Amino acid sequence: MSENVAFELADTDAEVGNQQTPSAETVLAYLRAHPDLFLEHPEILDHIELPGPPEPVASLHHWQLRRWRGQALGHRHALDQLHQVAADNAEADRLLHRFCEGLLNTTDRSPATLEKQMQADFEIDACRVVPLADLDAETRKLLAGWLDNPTPFCGRPHDTVRETLFGDALPQTGSVALITVPSRESGPTQHIVALGRRLPDGFNPAQGTHFLEQIGELAAAFLGQSASDHERH
């Protein structure tokens, strides 16, 4: 490393450490000393605003560049969102894989074991696996419309439903995800998996339900195996 480069780095580090903004003169002097800067770092040009022609002259080239820059920023934002969705899906797959491993490694295939495994693997504040037959008539009536088309429910439940499923474990301001669990594939609902979060928007109607549906399918296989074993004995 040459002595000049060493001094440049030292000065740069000192400015960053002191949170000092370089003056225009300093920037211009640096550009004059490094005329190939934009060739080596073309991404800098994406953040530079060039002056347009004076009013009332309009430059087609100038406006085209502005539109292309806006489109590029929009594409970058969309790509960032796709990357975030991919990262979220990868994390969901990891959690689901861990959940599967936990279910496969247990011999006690009961609702209590299923509750314990979900509380260990997922970020929830309350969990209940309730046999449909154990619900009182009022709660079943409130859930009747949802049970007819059992897509997982996300949001704020009726107070009676919340109290029946969670008791004091979930406050009135909490949110829930309700998942139906058939006894066998495409069979009638036998259990309800109720997941609760204290945050009002922890589970909300805008979120997707594919991950919750997969949890329901795994719960059905887990509890269905238990029922089959019981019938054989």
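Residues numbered from 1 in each chain as written. Predicted model: local features only at pLDDT ≥ 70, side-chain atom pairs only at ≥ 80, totals over all residues. Heavy atoms only, no water.

(A) Inspection of the side chain of Thr 106 at higher detail. Tracing the sequence through the fold places Thr 106 in the loop between helix H4 (60-104) and helix H5 (111-121). A polar contact is formed between the side chain of Thr 106 and the backbone nitrogen of Asp 108, at a distance of 3.4 Å. (Helix = DSSP H or I, 4+ residues; strand = E, 2+ residues; numbered from the N terminus. Polar contact = N/O pair within 3.5 Å; in protein donor to acceptor, adjacent residues only side chain to side chain.)

(B) Region of the structure containing the pairing of strand S4 (residues 189-197). In terms of residue burial, S4 counts as a mostly covered element, since seven of its nine residues are buried. As paired strands, strand S3 (residues 175-182) and S4 are joined by eight bridges and run antiparallel to one another. Residue Val 176 lies in a different strand from S4, and its bridge partner there is Gly 196. (Buried < 20%, exposed > 50% of the residue type's maximum accessible area, 1.4 Å probe, protein only. Pairing = 2+ DSSP bridges.)

(C) Quick look at the pattern of salt bridges. Tallied over the full model, the rule gives five salt bridges. As a salt-bridge pair, Arg 98 and Asp 121 come within 3.4 Å of each other at their nearest N and O atoms. With Arg 98 in helix H4 and Asp 121 in helix H5, this pair connects stretches of sequence that are 23 residues apart. With a shortest N-O distance of 3.7 Å, Glu 163 and Arg 162 are connected by a salt bridge. Via salt bridges that share partners, Asp 159, Arg 162 and Glu 163 belong to a single interconnected network. (Salt bridge = Lys/Arg side-chain N within 4 Å of Asp/Glu carboxyl O.)

(D) Up close: the sheet that holds strand S1 (residues 126-131). Pairing within the open sheet is antiparallel, and its four strands lie in the order S1-S4-S3-S2. Looking at which strands have only one partner, the edges of the open sheet turn out to be S1 and strand S2 (153-155). If you compare each strand with its neighbour and ignore which way they point, the axes differ by 15° on average. Where helix H6 (residues 137-148) meets the sheet, its contacts fall on S2, S3 and S4, and the angle it forms with S3 comes to roughly 65°. Packed on one face of the sheet, helix H7 (residues 159-166) meets S1, S3 and S4 and runs near 90° to S1. (Axes fitted to C-alpha atoms, helices over the stretch in contact; angles between N-to-C directions. Contact = heavy atoms within 4.5 Å.)

(E) Broad picture of the packing of H6 against H7. Their axes nearest at 9 Å, the elements H6 and H7 cross at an angle of 120°. Classified by the interaxial angle, the pair formed by H6 and H7 is oblique. Classified by chirality, the crossing of H7 by H6 is left-handed. Within the contact between the two elements, H6 uses Glu 138, Thr 139, Leu 142 and Leu 143 and H7 uses Thr 160, Val 161 and Thr 164. In terms of residue class, the contact of H6 with H7 is built from three nonpolar, three polar and one charged. (Parallel < 35°, antiparallel > 145°, perpendicular 65-115°, else oblique. Left-handed = near helix turned anticlockwise from the far one by under 90°. Nonpolar A, V, L, I, M, F, W, Y, C, P; charged D, E, K, R; others polar.)

(F) Examining the nonpolar core more closely. Phe 99, Leu 114, Met 118, Val 193, Leu 195, Leu 212 and Ile 215 are the most contacted members of the largest nonpolar core, which has 23 residues in total. Looking at this core, the elements with two or more residues in it are H4, H5, S1, S3, S4 and helix H8 (210-232). The greatest single-element share of this core, amounting to six residues, is contributed by H8. Contacts of Met 118, omitting those with residues within four sequence positions, involve Phe 99, Ile 124, Cys 127, Val 129, Val 193, Leu 195 and Ile 215. Listed in part, the 15 residues of the second largest apolar core include Val 130, Leu 132, Leu 147 and Ala 194. (Core = buried A, V, L, I, M, F, W, Y, C linked by side-chain atoms within 4.5 Å.)

(G) Just the side chain of Gln 117, in detail. Along the chain, the position of Gln 117 falls in helix H5. Accessibility expressed as a relative area gives 18% for Gln 117, which makes it buried. Looking at Gln 117, its side chain comes within polar contact range of the side chain of Asp 121, at 2.9 Å. With near-sequence residues (within four places) excluded, Gln 117 lies in contact with Phe 99, Gly 102 and Leu 103.

(H) Expanded view of the layout of surface pockets. Reported here for the second largest pocket is a volume of approximately 420 Å³. What lines the second largest pocket is a set of 16 residues, and nearest its centre among them are Ala 92, Leu 95, Phe 122, Arg 197 and Phe 211. (1 Å grid on protein atoms, 1.4 Å probe; cavity = no way out; pocket = protein on both sides within 12 Å on 5 of 7 lines; lining within 4 Å. Points joined across faces, edges and corners; volume = space filled by probe spheres on them.)

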